[in-house]
Amino acid sequence: MHIHPSILSADFVNLEAELGTILSADAYHVDVMDNHFVPNLTFGLQMVESLQRVSKRDLDVHLMITDVDEHGPKYAELGVASVTFHIEASLNPLKLARDLRARGARVAAAVKPGTAVSALTELLSELDMVLVMTVEPGFGGQKLIEATIDKVAEARSLTRSRGLEIAIQVDGGVTEQNIATLAKAGADTFVAGSSVFRAVDRNRQIDLLRTLAEQAARG
Ligand code: DX5
Ligand code: ZN
């Protein structure tokens, strides 16, 4: 069970210091938004390069950008641990997945709440991780959309039935109230933005989320 705090909820003026407050994380989730694919703007390649230079944890880069076929591989070239692209944004997902892997990144594809998990079927053998968005991408602090939990289970049965070792990540509205349900549905990698950053002790919150997920998965 892996907890990836989303730095979207961090203080952008003090990002390096903010990273130091979440060292219990398994990796840091970095949301790149371009104001086109989603109605919000965060940062791009230069900022991710700087984060990669100072980060003491792996970076899990979530690209919410159009033209991802062209720009996605540049993020992989920075040496980040994984790059996630949206299936809705890619014109040639198979080629993109291979381009990312060729540059040394783990590869993940994401589906928005309105996109069926089956859209990833052809791509599964190229992936290390599937990201099931549990909110509409664009903003932190939203409430998890309950209907997406069935999609997590569907993603898990799809990978399992093919005998593939693929991580299932959930992103959006993950809290200590719902993480057990998500883990039982088959998620093993959890992005948590506001639920970590608003906690008084962020590392304790990360450890709590991980423990709850592990307990749920054990049954
Ligand atoms: C939303 C982002 C998420 C976001 C999650 O588009 O992809 O990573 O930061 O934040 P919370 O956990 O607050 O929903
Ligand atoms: Zn994200």
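Just above, that's the structure.
Residues numbered from 1 in each chain as written. Chains lettered and ligands numbered in written order. Predicted model: local features only at pLDDT ≥ 70, side-chain atom pairs only at ≥ 80, totals over all residues. Heavy atoms only, no water.

Enquirer: Can you walk me through the site of ligand 1 in this structure?
Expert: Not every one of the 20 residues close to ligand 1 is listed here, only the nearest: Asp-31, Gly-138, Asp-171, Gly-193 and Ser-194. Side-chain polar atom of Ser-6 to an oxygen atom of ligand 1: 2.7 Å apart, as the coordinates give it. At 2.7 Å, a side-chain N or O of Asp-31 approaches an oxygen atom of ligand 1. Within the complex, 100% of the 380 Å² of free accessible area of ligand 1 lies under protein. Of all the secondary structure elements, the ones that give two or more residues to the shell around ligand 1 are strand E2 (27-33), strand E3 (58-64) and strand E8 (189-192). Looking at the shell around ligand 1, the element that brings in the most residues is E2, giving three residues. Of the residues that constitute the shell around ligand 1, the class distribution is eight nonpolar, 10 polar and two charged. (Near = heavy atom within 4 Å. Polar contact = N/O pair within 3.5 Å; in protein donor to acceptor, adjacent residues only side chain to side chain. Areas by Shrake-Rupley, 256 points an atom, 1.4 Å probe, with all protein chains shown as cover. Helix = DSSP H or I, 4+ residues; strand = E, 2+ residues; numbered from the N terminus. Nonpolar A, V, L, I, M, F, W, Y, C, P; charged D, E, K, R; others polar.)

Enquirer: Hey, could you run me through the coordination of the zinc ion (ligand 2) in this one?
Expert: His-29 (NE2), Asp-31 (OD), His-62 (ND1) and Asp-171 (OD) make up the full set of protein donors to the zinc ion (ligand 2), lying at 2.1 to 2.3 Å. One can describe the site at the zinc ion (ligand 2) as octahedral: its six donor atoms subtend angles covering 70 to 172° at the metal. As a motif over one chain, the donors of the zinc ion (ligand 2) read H-x1-D-x30-H-x108-D. Placement of the pair is Asp-31 in strand E2 and His-62 in strand E3, with a sequence separation of 31 residues. (Donors = N, O, S within 2.8 Å, 3.2 Å for Na, K, Ca; no water. Tetrahedral: all angles 85-135°; square planar, octahedral: opposite > 155°, others 65-115°.)

Enquirer: Help me out: how do you make sense of the packing of aromatic side chains in this one?
Expert: We describe a pair of aromatic rings using the distance from one ring centre to the other and the angle between the two ring planes. All told, the structure shown has one aromatic pair when counted by the stated rule. Seen from their ring centres, Phe-12 and Phe-43 are 5.5 Å apart, and the 50° between their planes marks the pair as tilted. Of this pair, Phe-12 sits in the loop between strand E1 (2-5) and helix H1 (15-19) while Phe-43 sits in the loop between E2 and helix H2 (45-54), and the two are 31 residues apart along the sequence. Relative accessible area serves as the criterion here: at 33%, Phe-12 is assigned to the partly exposed category. What makes Phe-43 buried here is its relative accessible area of 11%. Just above the ring of Phe-37 sits the side chain of Lys-112; from NZ or CZ to the centre is 5.0 Å. (Phe/Tyr/Trp six-rings, centres within 6.5 Å; stacked < 30°, edge-to-face > 60°. Buried < 20%, exposed > 50% of the residue type's maximum accessible area, 1.4 Å probe, protein only. Lys NZ or Arg CZ within 6 Å of the ring centre and 35° of its normal.)

Enquirer: Explain unusual backbone geometry here, please?
Expert: Outside of glycine, negative phi angles account for most residues, and trans bonds account for most peptide bonds. Positive phi, close to 65°, is recorded for Asn-35, a residue that is not glycine. When you line up the elements, Asn-35 lands in the loop between E2 and H2. A positive phi angle, close to 55°, is found at Asp-67, a residue other than glycine. In this structure, Asp-67 sits in the loop between E3 and helix H3 (68-76). On the basis of relative accessible area, Asp-67 is assigned to the partly exposed category, the value being 47%.

Enquirer: I'm lost on the sheet that holds E3 in this one. Help?
Expert: Hydrogen bonding along the main chain pairs the strands of a sheet, whether they run parallel or antiparallel. Strand order in the open sheet formed by eight strands is E1-E8-E7-E6-E5-E4-E3-E2, with parallel pairing between adjacent strands. Only two strands of the sheet have a single neighbouring strand rather than two, namely E1 and E2. Strand-to-strand twist of the sheet, defined as the mean angle between neighbouring strand axes without regard to direction, takes the value 25°. Here E1 runs beside E8; their pairing, made up of four bridges, is parallel. Directly across from His-2, in E8, lies its bridge partner Thr-189. The strands touched by H2 are E2 and E3; relative to E3, the strand with the most contacts, the crossing angle is about 165°. On top of the sheet, helix H5 (residues 148-161) reaches strand E5 (106-111), strand E6 (129-133) and strand E7 (167-171); it is set at about 165° to E6, its chief contact. (Pairing = 2+ DSSP bridges. Axes fitted to C-alpha atoms, helices over the stretch in contact; angles between N-to-C directions. Contact = heavy atoms within 4.5 Å.)

So, to be careful, I would describe these as geometric facts and stop short of saying anything about function.
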